[in-house]
Amino acid sequence: MATLHAKNAIVYMQGSGTEAQTLTEAAEVSIDIDYDTETDSAFGDTWETRLKGLIRYNGSVNGNFDTAQALLFDAITQATSRKMYVYPDRATTTRYYYGTVWPRLSVGLPIGRATFSVSFEGDGALSAN
């Protein structure tokens with residue numbers, strides 16, 4: 001396995017259409033995978049034991065605000081979850097993460113560089129190819 005510089009990463013998200021599009025000006029992506037645990041201890045046990053619950057994922061995409069792209073606004077106005085694909089290296093098209101997400105959009109317009117931030121919750125499984 002090689003260490004990867006993420007300068008060639010790329011993110012695709014489904015907007016209002018059926019096809020996912022490149023999320024232009026994305027500069028940072030994070031995906032967090034987590035799960036609940038439930039105690040299954042019983043009387044007489046000395047140590048607590050736990051059961052693994054359902055797996056879930058969420059994350060964020062941040063970058064420079066692009067006035068030419070309406071993709072994120074289109075994505076959050078839809079009534080269904082949106083497809084998302086994250087390629088750590090766009091040159092390696094056989095290695096990526098994908099799933100459907102419920103995105104939330106935040107736009108920052110300070111004096112200086114305008115930014116966007118999309119947080120998302122997974123809707124179903126996150127898969128790795």
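Structural data are supplied above this passage.
**Some words on the side chain of S81**
Right, on to step 1. Inspection of the secondary structure puts S81 in the loop between α1 (71–76) and β5 (82–87).
Right, on to step 2. S81 gets classed as buried once you look at its relative accessible area, which sits at 14%.
Right, on to step 3. At 2.8 Å, the side chain of S81 and the side chain of D123 are in polar contact.
Right, on to step 4. S81 has contacts with Q14, T100, V101, W102 and D123, leaving out every residue within four places of it along the chain.

**Section: unusual backbone geometry**
Right, on to step 1. The phi torsion at E25 lies on the positive side, around 65 degrees, for a residue other than glycine.
Right, on to step 2. Topologically, E25 is positioned in the loop between β2 (20–22) and β3 (26–39).

**Considerations on the packing of aromatic side chains**
What characterises a pair of aromatic rings is the spacing of the ring centres plus the angle enclosed by the ring planes.
Right, on to step 1. Taken as a whole and assessed by the stated rule, the structure comprises 5 aromatic pairs.
Right, on to step 2. Pairing Y12 with Y87 gives two aromatic rings, centres 5.7 Å apart and planes at 80 degrees, and the pair type is edge-to-face. Here Y12, found in strand β1 (residues 10–14), pairs with Y87, found in strand β5; they are 75 residues apart in sequence, far enough to count as distant.
Right, on to step 3. In this structure Y87 comes out as buried when scored by relative accessible area, which is 14%.
Right, on to step 4. Three or more aromatic residues joined by ring pairs make a cluster, and in this case those are Y12, Y85, Y87, Y96 and Y98.

**Looking at a nonpolar patch on the surface**
Right, on to step 1. Taken together, the side chains of I33, Y35 and I55 make up a nonpolar region of the molecular surface, amounting to roughly 330 Å² of accessible area.
Right, on to step 2. Mapped onto the secondary structure, Y35 falls in strand β3.
Right, on to step 3. We classify Y35 as partly exposed; its relative accessible area is 40%.

Each value, and the rule that gives it
- Residues numbered from 1 in each chain as written.
- Predicted model: local features only at pLDDT ≥ 70, side-chain atom pairs only at ≥ 80, totals over all residues.
- Heavy atoms only, no water.
- Helix = DSSP H or I, 4+ residues; strand = E, 2+ residues; numbered from the N terminus.
- Buried < 20%, exposed > 50% of the residue type's maximum accessible area, 1.4 Å probe, protein only.
- Polar contact = N/O pair within 3.5 Å; in protein donor to acceptor, adjacent residues only side chain to side chain.
- Contact = heavy atoms within 4.5 Å.
- Phe/Tyr/Trp six-rings, centres within 6.5 Å; stacked < 30°, edge-to-face > 60°.
- Patch = residues over 30% accessible without salt bridge, like charges linked within 9 Å, V, L, I, M, F, W, Y side chains within 5 Å.
- Areas by Shrake-Rupley, 256 points an atom, 1.4 Å probe, with all protein chains shown as cover.
- Salt bridge = Lys/Arg side-chain N within 4 Å of Asp/Glu carboxyl O.

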